[in-house]
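# Structure assessment
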Amino acid sequence: MPETTKLFVIGGAEKKGREARLLRFFFDLCGGAQSRITVITCASQVPLKTGEKYQKIFFGMGAASVKVLPVLSREEANSAEAIELIKQATGIFISGGNQVKVAATIGGTRLEAALARQFRKGVPTGGTSAGASIMSSVMVAGGMPFTYSRRKSIRLSAGLGLIQDVIIDQHFRQRDRIYRLAAAVMSHPRNLGVGIDENTALYIENGTVASVMGKGTVTVLDGGGVAYSSYADGH
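Predicted model only: the values in this text are computed from it and were never measured. Position numbers for residues start from 1 in each chain and track the written sequence from start to end. Note on the predicted model: pLDDT of at least 70 is required for a residue's local features to be given, and 80 or more for side-chain atom pairs to be given and counted; whole-chain, interface and lining totals, by contrast, use all residues. To obtain the side-chain values, all non-hydrogen atoms of the structure were used and water was disregarded.

Patch members must show over 30% relative accessible area and no salt bridge, and they are joined within 9 Å when carrying like charges or within 5 Å when they are nonpolar side chains of Val, Leu, Ile, Met, Phe, Trp or Tyr. Computed by Shrake-Rupley with a 1.4 Å probe, the accessible areas treat only the displayed protein chains as cover when residues are assessed. Just to be clear on terms, a salt bridge is a Lys or Arg side-chain nitrogen sitting within 4 Å of an Asp or Glu carboxyl oxygen. Where nonpolar side chains cluster on the molecular surface, the patch consists of Tyr 148, Ile 178 and Tyr 179 and spans about 260 Å² of accessible area. Relative accessibility thresholds used throughout: buried, under 20% of the residue-type maximum; exposed, over 50%; partly exposed, between the two (1.4 Å probe, protein chains only). Its relative accessible area of 34% is what places Ile 178 among the partly exposed residues.

Turning to the sheet that holds strand β12 (residues 218–222), a few remarks are in order. The pairing of strands in a sheet comes from backbone hydrogen bonds and takes either a parallel or an antiparallel form. A pair of strands is labelled paired if DSSP reports no fewer than 2 bridges between them. Strands here mean DSSP runs of E at least two residues long; helices mean DSSP runs of H or I at least four residues long; both are numbered from the N terminus. Pairing within the open sheet is mixed, and its three strands lie in the order β8-β9-β12. Only two strands of the sheet have a single neighbouring strand rather than two, namely β8 (166–170) and β12. When the angles between neighbouring strand axes are averaged without regard to direction, this sheet yields 20°. Bridging between strand β9 (residues 192–196) and β12 involves five bridges; their strand directions are antiparallel. The partner of Gly 195 across the bridge, within β12, is Thr 219. For this analysis, residues touch if any pair of their heavy atoms sits within 4.5 Å. Here an angle of 0 to 180 degrees is reported between the N-to-C directions of two axes, which are lines fitted to C-alpha atoms, with helices fitted over the stretch in contact. Across the sheet, helix α8 (residues 178–187) is in contact with β8, β9 and β12; its angle to β9 comes to roughly 160°.

Here we take up the side chain of Thr 50. Along the chain, Thr 50 falls in helix α2 (residues 47–61). We classify Thr 50 as buried; its relative accessible area is 9%. Those residues in contact with Thr 50 that sit more than four places away from it in its chain are Thr 41, Ser 44 and Ser 95.

Pairs were defined over the aromatic rings of Phe, Tyr and Trp, the Trp ring being its six-membered one, requiring ring centres within 6.5 Å. Orientation was assigned from the angle between planes: stacked under 30 degrees, edge-to-face over 60, tilted for the rest. Summed over the entire model, instances satisfying the criterion amount to eight aromatic pairs. For the ring pair Phe 8 and Phe 26, a centre distance of 6.0 Å and an interplane angle of 20° mean the geometry is stacked. Highlighted residues: Phe 8 in strand β1 (residues 6–10) and Phe 26 in helix α1 (residues 21–29), separated in sequence by 18 residues. Of the two residues, Phe 8 and Phe 26, both sit in the buried class. Between the aromatic rings of Tyr 54 and Phe 93, the centroid separation amounts to 5.3 Å while the plane-to-plane angle is 50°, which identifies the pairing as tilted. One end of the pair, Tyr 54, is in helix α2; the other, Phe 93, is in strand β4 (residues 91–94), and 39 residues separate them in sequence. Of the two residues, Tyr 54 and Phe 93, both sit in the buried class.

All right, on to the pairing of β8 then. Here β8 lies mainly inside the structure; five of its five residues are buried. Pairing of β8 with β9 involves five bridges; the strand directions are parallel. Looking at β9, one finds that Ile 168 is bridged to Val 194. Handedness rule for crossovers: strands pointing away from the viewer, path from the first strand over the helix to the second running clockwise, crossover right-handed. Running through α8, the crossover from β8 to the neighbouring parallel element β9 is right-handed.

It is worth spelling out the sheet that holds strand β3 (residues 65–69) at this point. In spatial order, the strands read β3-β2-β4-β5-β1-β10-β11; together these seven strands make up an open sheet with mixed pairing. Single-partner strands in this sheet number two, and they are β3 and β11 (209–214). Averaged over neighbouring strand pairs, the angle between their axes works out to 15° when direction is ignored. Running at roughly 145° to β3, helix α4 (residues 80–88) makes contact with β2 (36–40), β3 and β4 of the sheet.

Set out below in C-alpha cells:
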C-alpha cells in the first residue's frame, strides 16, 4: 500500500514563540522527539540565519535532529550531501522568502527529485509563505494587489508539483491578494485557487482531504463553473 502523503502549508508570519502551535503540529507530524527535520532555506535572503532560527524552534520542541539545507547554488542542489539530508529526514520544511529563488535553484535537480520521492513515500513536507506557494505545479511567482482582476495582477511559473490542480497564495487577506488569485484561476480554470491567511495553515492528506488550523481562514476559488471569462480579451 502506498503511504499517505502529508502536505502542510502555512500562509506566512506563523507564531514562533510559546504560541508556535502550527510549527508544533508539523513537529509532531514528523515524529515528535524522534523527528529528524531538514529545513530548506534557499528562498530567504539570509538562508543561514533563517535556518538557525528554525533549528532553535524545533530543537526547543525536542527534535532529535534539525539540519539546515541553504542550497546556495544548483551545484549544491545536485550534491550527494544534500540528497542524503533529504533521505534521512522524517520531515522536510521550506522557509519563506522568494519562491522564484526556490524554483530556480532546485527545479530540475537531484534535490527536487529526492524531495518528491520522499513526499510520495509519506514523509511530511511543509512550508511557509514562499515555501507554501512552491508546492503546487502552477506557482504564483509574483503580482500586484489591484482592486480588480487583471492580467498584470499575477505572474505564474512552475512550482515543485507536490500537489496538482491547485494554485496556492499566501499572506492572503493581510495583503489583499484575492484579485490576483482570481486572475490566476481565470488563466488556469482547472486549478483551485487556495489563499491562506497569515498564521494559518492547511494540512492536506493524499491531495484530497484538507484541514484548516490557526488564526485566520483559507479562501478557495473554484473556476470550474465559470460560464464566461474575458481574461483572453484584454486587460
